[in-house]
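Structure at a glance
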Amino acid sequence: MENIALSLEEKSQLQEWICQKRNKGKFTLLYKMRRDGWNATTFHTKCDNKGPTVTVLYSTNGTVHGGYTSQSWTSSAQGYYGIDPKAFLFQLRSKGDRNLQRFSNCSQSGNNAIYCNYNYGPTFGSGHDLLTFKGISGTNEAGFRLNGQFNLGNTYANEFRDCLNDGQLIVYDLEVYQFDEESDFVVLEIPWRDCPEWDEKLLEELKYEVENYVPAEETNTPTANILMMGEVGSGKSSFINTINSIFRGNITNPAITGTSAHSLTNSLKIYRMKSHQLSSKPLKFHLFDTPGLEEDQGIDAQELCYILDGHLPDRYMFNPSCQATPAIPGFKKNPEMKDKIHLVAFIVDARTTYDMTDKITSKIQNLRSKISQRVKLFEATLTM
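The present account deals with the structure reproduced in this document. Residue numbers run consecutively from 1 along every chain, following the written order of its sequence. Only residues with pLDDT of 70 or above have their local features reported here, since the model is predicted, and side-chain atom pairs are shown and tallied only from 80 upward, although totals for entire chains, interfaces and linings are computed over all residues. With hydrogens and water set aside, each side-chain value is computed from the structure's full complement of heavy atoms.

Another point: the packing of helix α6 (residues 301–308) against helix α7 (residues 358–374). Note on geometry: axes are C-alpha line fits, over the in-contact stretch for helices, and angles between N-to-C directions span 0 to 180 degrees. Each helix is a run of DSSP H or I of at least 4 residues and each strand a run of E of at least 2, with the numbering of both proceeding from the N terminus. Interhelical geometry of α6 versus α7 gives an angle of 25 degrees and a closest axis separation of 10 Å. Classified by the interaxial angle, the pair formed by α6 and α7 is roughly parallel. Crossing angle aside, the handedness with which α6 passes α7 is right-handed. Listed contacts from α7 to Ala301, Leu304, Cys305 and Leu308 of α6 are Asn366, Leu367, Lys370, Ile371 and Arg374. The residue inventory of the contact of α6 with α7, partitioned by class, reads 6 nonpolar, 1 polar and 2 charged. Each angle gets one of four labels, with under 35 degrees taken as roughly parallel, over 145 as roughly antiparallel, 65 to 115 as roughly perpendicular, and the rest as oblique. What makes a crossing left-handed is the near helix being turned counterclockwise from the far one by less than a right angle; a clockwise turn instead makes it right-handed. It only takes one pair of heavy atoms within 4.5 Å for two residues to be counted as in contact. Under the grouping applied here, Gly and all other residues not named as nonpolar or charged are polar, the nonpolar ones being Ala, Val, Leu, Ile, Met, Phe, Trp, Tyr, Cys and Pro and the charged ones Asp, Glu, Lys and Arg.

See the structure below:
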């Protein structure tokens, strides 16, 4: 499914509905189901007592809808209804097409606007008008078949009921944003960089340049080793699959991808690219895939140094409870230049650049200091 993110125009529309003014208010991502998992406890841990929030559901049929509340979510054991005259439900797209609808509370006093329960995801209205999900469950690449419900018309106006996704709760993702009405939403007046016109000619020129790349003779190495790093869910492994598919000439999935609360990549994996236009001749660069960065898990500084210096073998399995040491099988005590990392590419999800937690940001800064001591080239690649 395409466009699994709010556009600037859609965020501006929400700002207008909430603040009666566009470009007013800041969105900060708190909870993302494809990143954090289908788990009511996780939702409450990340979203309780955070003030106003916007909940967004991205249905697999292209519909985008959700709800806003100016009140905080809480983890009530018994469950209770919150009063919020400012709360509303909304729709931004209907089956892929722009379709703006705002569903107001039928009660001017805002009775039964939201329902707070420790075992429920975001829930609006009595009945409930919108219950997103309960408890905990899993997913697959097709999306989440949520166990919530639509019953629009109990608390929120139902004159457009047929527009609200036909009552379906099969979503590709669900996000909850904290909304700070006092902050300004900055939109650049001009693009931050000039982009060339993308066409088939440019694609072929870029492919030719990469296919004919050879490391400088003075480096004394036959290939350039590129270490891929990034937060869980940033699209690191998908990026590797995309690069491989471009040069193979067909869709390939050598790197494991999917959705999980933790990284699906649990080993150091070296991918050797080949081009079908060069009779499957190996290209002069290798991509090294690593586990995604997490607040309390993932590669530590010492293991990163071992990778950068070329000590760890291909397919080395990382173990959170037992860090790598020179005693592990395959450990290269005297690595050559061809074993070492020559470039580090950090993959960032462009939609969540400003939503990284302080712990993740601190971890990246710490790891980057280790990288700068050993590798001269460091770049950031944005994905969507």
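Back to the text.
Here we take up the side chain of Glu231. Assignment of secondary structure puts Glu231 in the loop between β15 (224–230) and α5 (236–248). Apart from residues no more than four positions distant in its own chain, Glu231 is found in contact with Gly292, Leu293, Phe346, Ile347, Met356 and Ile360.

What follows deals with helix α1 (residues 8–19). The length a helix should cover is 1.5 Å for every residue beyond the first. In this model, α1 (12 residues) spans 16 Å end to end at C-alpha, consistent with the 16 Å of a helix rising 1.5 Å per residue. Exposed residues in this analysis have more than 50% of their type's maximum accessible area, buried residues have under 20%, and partly exposed residues fall in between, with area computed by a 1.4 Å probe over protein chains only. The buried count for α1 comes to 9 of 12 residues, which makes it a mostly enclosed element. Along α1, the positions that sit buried rather than exposed are Glu10, Lys11, Ser12, Gln13, Leu14, Gln15, Trp17, Ile18 and Cys19.

Let us now look at the environment of Leu30. Following the sequence through the fold, Leu30 ends up in strand β1 (residues 24–32). Separated by 17 residues in the primary sequence, Leu30 and Cys47 have C-alpha atoms spaced 6.2 Å apart.

It is worth spelling out the packing of aromatic side chains at this point. Each Phe, Tyr or Trp ring, with Trp reduced to its six-membered ring, pairs with another whose centre is within 6.5 Å; inter-plane angles below 30 degrees give stacked pairs, above 60 give edge-to-face pairs, and intermediate values give tilted ones. Within this structure, the stated rule accounts for 17 aromatic pairs. Summarising the aromatic geometry, the rings of Phe27 and Tyr177 are spaced 6.0 Å apart at their centres and angled 90 degrees between planes, so their arrangement reads as edge-to-face. You can see Phe27 sitting in strand β1 and its partner Tyr177 sitting in strand β14 (residues 170–184), a full 150 residues away along the chain. An identical accessibility class is assigned to Phe27 and Tyr177; each is buried. Taken together, Trp17, Phe27, Tyr68, Phe88, Phe90, Tyr177 and Phe179 form an aromatic cluster joined through their ring pairs. Lysine NZ or arginine CZ positioned within 6 Å of the ring centre and within 35 degrees of the ring normal marks a charge as sitting over the ring. Arg34 extends its terminal NZ or CZ atom over the ring of Tyr172, reaching a point 3.9 Å from the ring centre. Here Lys269 stacks its cationic end above the ring of Tyr271, 4.4 Å away from the centre of that ring.

This part takes up the side chain of Arg93. Its location among the elements puts Arg93 in strand β6 (residues 88–94). Distance and chemistry together define a polar contact, namely a pair of N or O atoms within 3.5 Å, with one atom able to donate a hydrogen and the other to accept it when in protein, and with adjacent residues in sequence counting only for side-chain atoms on both sides. Only 2.8 Å separates the side chain of Arg93 from the backbone oxygen of Ala5, close enough to count as a polar contact. Of the polar contacts made by the side chain of Arg93, one reaches the side chain of Glu10; its length is 2.6 Å.

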